[in-house]
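Coordinates in review
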Amino acid sequence: MHCRKNFEAFLKNTVNLSQAKLALLDFRVEAIYKALQADAELGPLVRGKKPQGSWAQRTIINPVGDSEFDADFMLHLTENTEWANSPKTYIDKVYAALHRHSTYGTMPHTRKCRCVQLSYANSMHVDIVPYLQLADGREVIVNRDANTWEQTDPAGFTAWMQTKDGIANSNLRKVIRLMKYLRNHRGSFTGTRSIILTTLLGERVEEIKKLMDPGCYSDVPTTLLTIVEDLDRWLQERPYKPSIADPSGSGVTFDHRWDQTTYSYFRARIHTHAREIREAYDEPDYDRSVRLWRKLFGDAFPDQPRATASLTPTAAKFATPLLVTTTSRTGRAG
């Protein structure tokens, strides 16, 4: 059974990062950006900012328990020709600017391979990713470990995501959030990075599929079934780790972000989940279907009030609602 309303409630109340946390993220990123702009040394190089990763693609989800949630933003900087032979200098300079600041200098902050990470107590951390457009036209971020540029095309990735989500009737992003929930909250296919999961799921969405089966992306559970079964078939034809190209067309791959062991585990787990999703989707009995969806997503997957039209007025008056809810909070629309 599709259980469409159950999925709507599950996404809104459990999976999606709340509007309050998204607003807090906006506020804190704007404050960090203004602090970097105001820095005497780095400020003249700062040109702008933009969300990156799951925040930009609207696939960010609630963290597990009291864990931090994280978000990335790209800090657009002007190229400094004096640092041409040492790309990692951009990360060092962002780190130094935070270190000098009266507020951020006292907060935990550290240099990562591609970003500077700033941590807030018991709530979230923000990854600041230096981003440049070089004189030769390349759009790049920094790999500090290798002290090299990495080509990127954030606008191209966003355009690709919008196209795929449009084909899937705005259900692709919701399916990605559900699959990230399985990974983060249910402990399935750990080790598979979000960028790879997003790419593999998005690449399964095709216009030709919609022409052959017009209802295949009609709602969230049907889209989940369609994409995961298509991904399972694709993976089963590939026992060895395939090359995963950046769908933006930047020319780079994400191959370095997992290995054969991680891939084999992911491949096996998707095979199991495709079967579990099919069983829950095809189950005609509502109660058994909900139990099967809960077997997959856990007890937070909600029940819904039953229709009382067949009950007598008196029976309907005293009928016990079967709604099972999680802690209510305002969720992100869509």
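Cut-offs used in this document
All chains use their own residue numbering, which begins from 1 and follows the written sequence. Local features are withheld for residues below a pLDDT of 70 in this predicted model, meaning they are given only at 70 or higher, and side-chain atom pairs are given and counted only at 80 or more; totals for whole chains, interfaces and linings count all residues. Heavy atoms from the whole structure form the basis of all side-chain values; hydrogens and water molecules are not counted. pLDDT runs from 0 to 100 and stands for how confident the predictor is about each residue. Starting at the N terminus, helices and strands are each numbered in turn, a helix being any DSSP run of H or I of at least four residues and a strand any DSSP run of E of at least two. It only takes one pair of heavy atoms within 4.5 Å for two residues to be counted as in contact. Only C-alpha atoms enter the line fits that serve as axes; for helices the fit covers just the stretch in contact. Angles between N-to-C directions range over 0 to 180 degrees. Each angle gets one of four labels, with under 35 degrees taken as roughly parallel, over 145 as roughly antiparallel, 65 to 115 as roughly perpendicular, and the rest as oblique. Crossing chirality is assigned from the near helix's rotation relative to the far helix, an anticlockwise turn below a right angle marking it left-handed and a clockwise turn marking it right-handed. Note that Gly is not counted as nonpolar here; it falls among the polar residues with everything else outside the nonpolar set of Ala, Val, Leu, Ile, Met, Phe, Trp, Tyr, Cys and Pro and the charged set of Asp, Glu, Lys and Arg. Categorising residues by exposure relies on relative accessible area from a 1.4 Å probe, with only protein chains included: less than 20% of the type maximum marks a residue as buried, more than 50% marks it as exposed, and the intermediate range marks it as partly exposed. Every patch collects residues that have over 30% relative accessible area and no salt bridge, joining them within 9 Å if they carry like charges and within 5 Å if they are nonpolar side chains (Val, Leu, Ile, Met, Phe, Trp, Tyr). Per-residue and other accessible areas follow the Shrake-Rupley method at a 1.4 Å probe size, with only the shown protein chains counted as cover for residues. Salt bridge criterion: a side-chain nitrogen from Lys or Arg within 4 Å of a carboxyl oxygen from Asp or Glu.

**Remarks on the confidence of the model for the chain**
- The predicted model of the chain averages 90 in pLDDT, with 91% of residues at 70 or higher.
- At the low end of the mean pLDDT range in the chain sits helix H12 (residues 313-318), at 45; at the high end sits helix H9 (residues 220-236), at 98.
- Note that residues 308-334 has pLDDT below 50 and, in this model, 34 contacts with residues that lie over four places away or in other chains.

**Examining the packing of H9 against helix H10 (residues 260-282)**
- At their nearest, the axes of H9 and H10 sit 9 Å apart, and the two run at 140° to each other. Considering the angle they form, H9 stands oblique to H10. Of the two possible hands of crossing, H9 and H10 adopt the one that is left-handed. Taken together, the residues of H10 that come into contact with H9 (itself represented by Pro221, Thr222, Leu224, Leu225, Val228, Glu229, Leu231, Asp232, Leu235 and Gln236) are Tyr263, Phe266, Arg267, Ile270, His271, His273, Ala274, Ile277, Arg278 and Tyr281.
- Considered class by class, the residues forming the contact of H9 with H10 number 12 nonpolar, 4 polar and 4 charged.

**Some remarks on helix H7 (residues 194-203)**
- Burial analysis of H7 places 7 of its 10 residues in the buried class, which makes it a mostly covered element.
- Ile196, Leu197, Thr198, Thr199, Leu200, Leu201 and Gly202 are the residues of H7 that are buried.
- Taken together, the buried residues of H7 touch helix H5 (154-167), helix H6 (172-185), H9 and H10.

**With respect to the environment of Gln52**
- Positionally, Gln52 belongs in strand S1 (residues 46-52).
- In this structure the C-alpha to C-alpha distance between Gln52 and Cys115, which are 63 residues apart in sequence, comes to 12 Å.
- Residues in contact with Gln52, not counting those within four places in the same chain, are Asp72, Phe73, Met74 and Val129.

**Considering a nonpolar patch on the surface**
- A surface patch of nonpolar side chains, about 380 Å² in accessible area, is lined by Ile208, Leu211 and Met212.
- By the element assignment, Ile208 lies in helix H8 (residues 207-212).

**What to know about unusual backbone geometry**
- Even without a glycine there, the phi angle at Cys3 is positive, about 55°.
- Of note, Cys3 is situated in the segment before helix H1 (4-15).
- We classify Cys3 as buried; its relative accessible area is 6%.
- With a phi angle near 60°, Arg58 is a residue other than glycine that sits in the positive phi range.
- Mapping Arg58 onto the fold places it in the loop between helix H3 (53-57) and strand S2 (69-77).
- Taking relative accessible area as the criterion, Arg58 reaches 36% and is therefore assigned partly exposed.

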